[in-house]
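Each chain, letter by letter, is given below.
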Amino acid sequence: KVLKVAIMGLGSYANRVADAMKDCKRAKITGVISGTPSKVKDWQTRFNIPDKNCYNYDNFDAIKNNPDIDAVYIITPNAQHHPQTLRVAAAGKHVICEKPMSINAKEGKEMIEACKKAEVHLLIGYRMHFEANTLEIVRMQREGELGKIRFFQGLSGFRIGDPTQWRLNRELAGGGAMMDIGIYAINGSRYMIGEDPFWVTAQEVKTDPVKFKEGVDETITFQLGFPSGAIASCLSTYNMNYLDKFFLNGDNGFAEMQPSTGYGPIRSWTNKGRLDLPHVTHQTTQMEEMAAIILDGKKAVIPVDGEEGWKDMVIIDAIFESLRTGNKVEIKYA
Ligand code: NAD
């Protein structure tokens, strides 16, 4: 059986996903949802999509009656993920939603509940959860090869261009660098350490208040505390290039990845030497595995469900609260 996927939002990442899906055996693009007729035409030609499987943002609730669509992959600006997920779930279709799943934990929880009620899967586009180097280091950590884990460092950032893009618009992005790229350090700290943090402290630096307006973060450093006593030190920024690095430290070893979350190849090494496992296009593996999760009930080694996405939103809420209050904030998953 093949997972029949409609792509919602035909922007730059959607194009990357679609190209990667050409190599998938279990997942296939069968439909599109877009507000731009010229893009729809282009995708129809490229992916052989019939008119009856093309929708816009006003009429896509009608996918409910379309047996050619099993799931919708939402690849739109962050603030739209919540309302669009609720509509896809109401139409009875599985949801694959890009990160960040929403712009706060409350909306994330509503998305989980809507999908549960509709009895559809909700999966978040965490492609690194299926990447070979990442999985090998997580295996080493879980099997105790690195000894007791004490420390994680996650550095995530790039210098952002065009000041008019939606990523720098609070209404559409829900924030700035943290929602977009800092989330990789947060999520990485959790799968690399293998626990969920329970406190956070955070500091913000803004060098360009014209480009990075109120509510749009430029650079944030933050620290996380984990139940075992492990700590993490992280950086999220839209103002520095070449920041894509994870470092995990245990009593008996270390693992490092740089780049750690880019489109690849991922470079990695441990105290025993280089790892550098072969590169496979991340989105190809991700969509094969997500098809197996939805069609066969397969369990992911590192989860990609709504709960997983929601925990990152709880942490982001706590980071913003720490910045607002200047206090160390307790992270509560409830
Ligand atoms: P993009 O700007 O290239 O594409 C966004 C698409 O949404 C465009 O086709 C645009 O036309 C459409 N859109 C619909 N309503 C819009 C509106 N009101 N304003 C602006 N655009 C609107 O962005 P992107 O880089 O493709 O990012 C889309 C989503 O994918 C984001 O949530 C982002 O975080 C996520 N993403 C994930 C990864 C990853 O590696 N997992 C990588 C890039 C982007």
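Our subject in this report is the structure included herewith.

Cut-offs applied
- For every chain, the first residue of the written sequence is number 1, and numbering continues from 1 onward in sequence order.
- At least 70 in pLDDT is required for a residue's local features to be given in this predicted model, at least 80 for side-chain atom pairs to be given and counted, and no such filter applies to totals for whole chains, interfaces and linings, which use all residues.
- Just so you know, side-chain values use all the structure's heavy atoms and leave hydrogens and water out.
- The distinction between a cavity and a pocket rests on a 1 Å grid over the protein atoms alone: a 1.4 Å probe fits inside a cavity but cannot get out, while a pocket stays open yet meets protein on both sides within 12 Å along at least five of seven lines, and a residue with an atom within 4 Å of a point counts as lining.
- Grid points are joined across faces, edges and corners, and a volume is the space filled by probe spheres set on the points.
- Throughout, the ten residues Ala, Val, Leu, Ile, Met, Phe, Trp, Tyr, Cys and Pro are labelled nonpolar, Asp, Glu, Lys and Arg are labelled charged, and all others, Gly among them, are labelled polar.
- How far each domain reaches was decided by an automatic or database domain assignment.
- The cutoff for a nearby residue is simple: one of its non-hydrogen atoms must lie within 4 Å of the molecule or strand.
- In protein, a polar contact requires one atom able to donate a hydrogen and another able to accept it; more generally it is a pair of N or O atoms within 3.5 Å, and residues adjacent in sequence count only if both atoms are side-chain atoms.
- Computed with a 1.4 Å probe, the accessible areas rest on the Shrake-Rupley method; for each residue, only the protein chains presented here act as cover.
- To decide whether a molecule occupies a pocket or cavity, check its atoms: if more than half lie within 2 Å of the grid points, it is inside.
- Note on conventions: DSSP H or I runs of at least 4 residues are helices, E runs of at least 2 residues are strands, and numbering of each starts at the N terminus.
- With a 1.4 Å probe rolled over the protein chains alone, any residue whose accessible area is under 20% of its type maximum counts as buried; one over 50% counts as exposed, and the rest are partly exposed.
- Summarising the geometry, the arc corresponds to the directions from the helix axis toward the C-beta atoms.
- What counts as an axis is a line fitted to C-alpha atoms, over the stretch in contact for a helix, and the angles between N-to-C directions run from 0 to 180 degrees.
- Our angle categories are set so that under 35 degrees counts as roughly parallel, over 145 as roughly antiparallel, 65 to 115 as roughly perpendicular, and the remainder as oblique.
- Whether a crossing is left-handed or right-handed is set by the direction in which the near helix is turned from the far one by less than a right angle, anticlockwise for left-handed and clockwise for right-handed.
- A contact between two residues is defined here by any heavy atoms of the two lying within 4.5 Å.
- Working definition of a nonpolar core: buried Ala, Val, Leu, Ile, Met, Phe, Trp, Tyr and Cys residues. They are joined through side-chain atoms within 4.5 Å.
- Salt bridge, as used here: a side-chain nitrogen of Lys or Arg that lies within 4 Å of a carboxyl oxygen of Asp or Glu.

**Quick look at empty space enclosed by the protein**
Part 1 of the reasoning: With the rule as written, the count across this model stands at 1 cavity of 30 Å³ or more.
Part 2 of the reasoning: In this structure, the largest cavity encloses a volume near 50 Å³.
Part 3 of the reasoning: The wall of the largest cavity is formed by Lys99, Gly125, Tyr126, Arg127, Met128, Tyr184, Asn187, Gly188 and Tyr191.
Part 4 of the reasoning: Looking at side-chain class alone, the lining of the largest cavity contains 4 nonpolar, 3 polar and 2 charged residues.
Part 5 of the reasoning: When we break the lining of the largest cavity down by domain, the ones giving at least three residues each are domain 1 (3-127) and domain 2 (128-277 + 305-330).

**Regarding the site of the ligand**
Part 1 of the reasoning: What surrounds the ligand is a group of 23 residues, the closest being Ser12, Asn78, Lys99, Arg127 and Trp166.
Part 2 of the reasoning: Arg167 places a polar side-chain atom, nitrogen or oxygen, 2.9 Å from an oxygen atom of the ligand.
Part 3 of the reasoning: When the ligand is considered free in solution it has 830 Å² of accessible area, and contact with the protein chains removes 79% of it.
Part 4 of the reasoning: In this structure, the ligand is accommodated by the largest pocket.
Part 5 of the reasoning: Taken together, the elements giving at least two residues each to the shell around the ligand come down to helix H1 (12-21) and helix H7 (177-193).
Part 6 of the reasoning: Split by residue class, the shell around the ligand holds 10 nonpolar, 7 polar and 6 charged.
Part 7 of the reasoning: Two domains share the shell around the ligand, each providing at least three of its residues, namely domain 1 (3-127) and domain 2 (128-277 + 305-330).

**Details of the layout of surface pockets**
Part 1 of the reasoning: Computed from the structure, the largest pocket encloses a volume of approximately 780 Å³.
Part 2 of the reasoning: Lining the largest pocket are 33 residues, with Ser12, Tyr13, Arg167, Asp180 and Tyr263 positioned closest to its centre.
Part 3 of the reasoning: Those elements that provide at least two residues to the lining of the largest pocket are H1, strand S7 (149-157), H7 and strand S11 (243-250).
Part 4 of the reasoning: Looking at the lining of the largest pocket residue by residue, the class counts come to 11 nonpolar, 14 polar and 8 charged.
Part 5 of the reasoning: In this structure, the second largest pocket occupies an estimated 430 Å³ of space.
Part 6 of the reasoning: Along the wall of the second largest pocket there are 17 residues; nearest its centre are Arg170, Gly215, Val216, Phe320 and Arg324.
Part 7 of the reasoning: Of all the elements in the fold, those that place two or more residues in the lining of the second largest pocket are helix H6 (170-173) and helix H9 (306-325).
Part 8 of the reasoning: Broken down by element, the residue count for the lining of the second largest pocket peaks at 4 residues, all from H9.
Part 9 of the reasoning: Each residue belonging to the lining of the second largest pocket can be placed in one class, and the counts come to 5 nonpolar, 4 polar and 8 charged.

**Section: helix H5 (residues 132-142)**
Part 1 of the reasoning: For H5, every residue scored as buried is listed here: Asn133, Thr134, Ile137, Val138, Met140 and Gln141. Relative to the axis of H5, the buried residues are bounded by an arc of 160° and lie together on one face.
Part 2 of the reasoning: In the stretch just after H5, Gly144 is the one whose phi turns positive, near 85°.

**As for the packing of H7 against H9**
Part 1 of the reasoning: Following both chains from N to C, one finds H7 and H9 inclined at 110°, their axes separated by 10 Å at the closest point. Considering the angle they form, H7 stands roughly perpendicular to H9. Two packed elements cross with a definite hand, and for H7 against H9 that hand is right-handed. The segment H7 lies against H9, with Met178, Met179, Ile183, Ile186, Asn187 and Arg190 engaging Glu308, Lys311, Asp312, Met313, Ile315, Ile316, Ile319 and Phe320.

**Brief notes about the side chain of Asn66**
Part 1 of the reasoning: As for its placement among the helices and strands, Asn66 is situated in the loop between strand S3 (54-55) and strand S4 (71-74).
Part 2 of the reasoning: Filtering out sequence-adjacent residues up to four positions away, Asn66 remains in contact with Lys52, Asn53, Tyr55 and Lys93.

**Remarks on the nonpolar core**
Part 1 of the reasoning: Ranked by size, the top nonpolar core spans 101 residues in total, and within it Ile7 and Phe222 carry the most contacts.
Part 2 of the reasoning: Residue contributions to this core peak at 11 residues, all from H7.
Part 3 of the reasoning: Looking at which domains feed residues into this core, each of domain 1 (3-127) and domain 2 (128-277 + 305-330) gives three or more.
Part 4 of the reasoning: The residues touching Ile7, leaving out its near neighbours within four places in the chain, are Ala14, Val17, Met21, Ile29, Gly31, Val32, Ile33, Trp43, Tyr73 and Ile75.

**Brief notes about the pattern of salt bridges**
Part 1 of the reasoning: Per the stated rule, a full pass over the model turns up 20 salt bridges.
Part 2 of the reasoning: When the shortest N-O distance is used, the salt bridge between Asp68 and Lys52 registers 2.4 Å. Of this pair, Asp68 sits in the loop between S3 and S4 while Lys52 sits in the loop between helix H2 (37-47) and S3, placing them 16 residues apart in sequence.
Part 3 of the reasoning: The class of Lys52 is exposed, set by a relative accessible area of 55%.
Part 4 of the reasoning: In the salt-bridge network here, residues are joined through shared partners; they are Arg190, Asp196, Glu308, Lys311 and Asp312.

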